[in-house]
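What follows is the residue order along each chain.
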Amino acid sequence: MGTARGVRPADSHTAAYAGPVTPDPTPSPLDVVVHSGPADWWVILAGLGPLSVLIAALLAFYINWRTLKQRTAADATALEQKREADAHALLQKTEADSRAEWWRRTQWALDRALDQDEGTKALGLATLEVLARSELARTEELELFDIAWKSVWGDENADDDGQGTETDQETAFVDAGGNIGENGTTGEDTTKEVGP
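Procedures and definitions
- Residues numbered from 1 in each chain as written.
- Predicted model: local features only at pLDDT ≥ 70, side-chain atom pairs only at ≥ 80, totals over all residues.
- Heavy atoms only, no water.
- Helix = DSSP H or I, 4+ residues; strand = E, 2+ residues; numbered from the N terminus.
- Buried < 20%, exposed > 50% of the residue type's maximum accessible area, 1.4 Å probe, protein only.
- Contact = heavy atoms within 4.5 Å.
- Core = buried A, V, L, I, M, F, W, Y, C linked by side-chain atoms within 4.5 Å.
- Axes fitted to C-alpha atoms, helices over the stretch in contact; angles between N-to-C directions.
- Parallel < 35°, antiparallel > 145°, perpendicular 65-115°, else oblique.
- Nonpolar A, V, L, I, M, F, W, Y, C, P; charged D, E, K, R; others polar.
- UniProt positions renumbered as here; feature names shortened; annotations may be inferred.

Helices and strands together make up the secondary structure of the protein chain, namely three helices and two strands. Start at the N end of the protein chain and walk to the C end: the helices and strands fall as α-α-α-β-β. Looking at the protein chain as a whole, 15% of its 196 residues qualify as buried. A separation threshold of at least 6 residues defines the contact pool for the protein chain, and within that pool the share at least 24 residues apart is 40%.

Quick look at the nonpolar core now. Within soluble globular proteins, side chains that are nonpolar generally end up buried alongside one another. Within the largest apolar cluster, 13 residues are counted, with the highest numbers of intra-cluster contacts made by Trp102, Ala113, Leu125, Leu128, Leu131 and Phe145. Contributions of two or more residues to this core are made by α1 (41–113), α2 (118–132) and α3 (139–153). With residues up to four places along the chain from it excluded, the contact list for Trp102 reads Leu131, Ser134, Leu136, Ala137, Glu141 and Phe145.

It is at 11 Å that the axes of α1 and α3 come closest, and there the two elements cross at 10°. Here α1 lies roughly parallel to α3, going by the angle between them. Contact residues: Arg99, Trp102, Trp103, Thr106, Leu110 and Ala113 in α1; Glu141, Leu144, Phe145, Ala148 and Val152 in α3. Grouping the constituent residues of the contact of α1 with α3 by class yields eight nonpolar, one polar and two charged.

Now for the UniProt feature "transmembrane region" (unreviewed entry) in the protein chain. Within the UniProt annotation, "transmembrane region" (unreviewed entry) is assigned to residues 41–63. From the first C-alpha to the last, residues 41–63 spans 30 Å; its make-up is 100% helix and 0% strand.

What follows is the structure, encoded as C-alpha cells:
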C-alpha cells in the first residue's frame, strides 16, 4: 500500500475541521429566593456600629468638657487664693519693714534723749513724742518712752498716773504751725523751744 507522494498522514493531534462553530444557547436567568426571618445579633451589631461610635464620641466630648470646666474652676480658685496669700504676705512684710524702721528711728531718738547736751536731748525727746503718736507704737514701747522720759527729767516731771509722755511743763521742740515736712522733720524757722 503505497502512499501518494506529497501527502502526509494525518497527525493524531490535529483536529479535523468540523465546520462553523455555533455558540451555546444563552443562559436563562437564575431565580434567587431570600428567606426573611429574624436577623442574627452580629448583623444588628454591625448595623449599630456607626451609631455606637457617635455615642462614644459624644460621651468622650462631655467628659472632657466637664473635666476642663472643673479644672478651670479649680485653677481660678487656686489663683485667687494665691493672690490673697501674696497680698497678705506683702502686707505683713510692709508692716514688719515699717516696724523695723520705726524701731530704728526710736533707737536713734532714745540715744539723743539720753545725751548730755541739752539741745540734742530736746531733739531726741521731741522725736520720741512724734514716734509715740505713730500707729506703729505698741503699749510696751510707750512704756519704754515713759521710762526714758522719767530718766531724762526725773520722776517729779512725770505724770501721776505714769501713762502719758506729756508733763505739765513741756520741754521739747514743738512744731508751732503743726507743719511736718515730707520726710517727717520740721523746718528750723517754724520750730521754737517751749520750756519752764
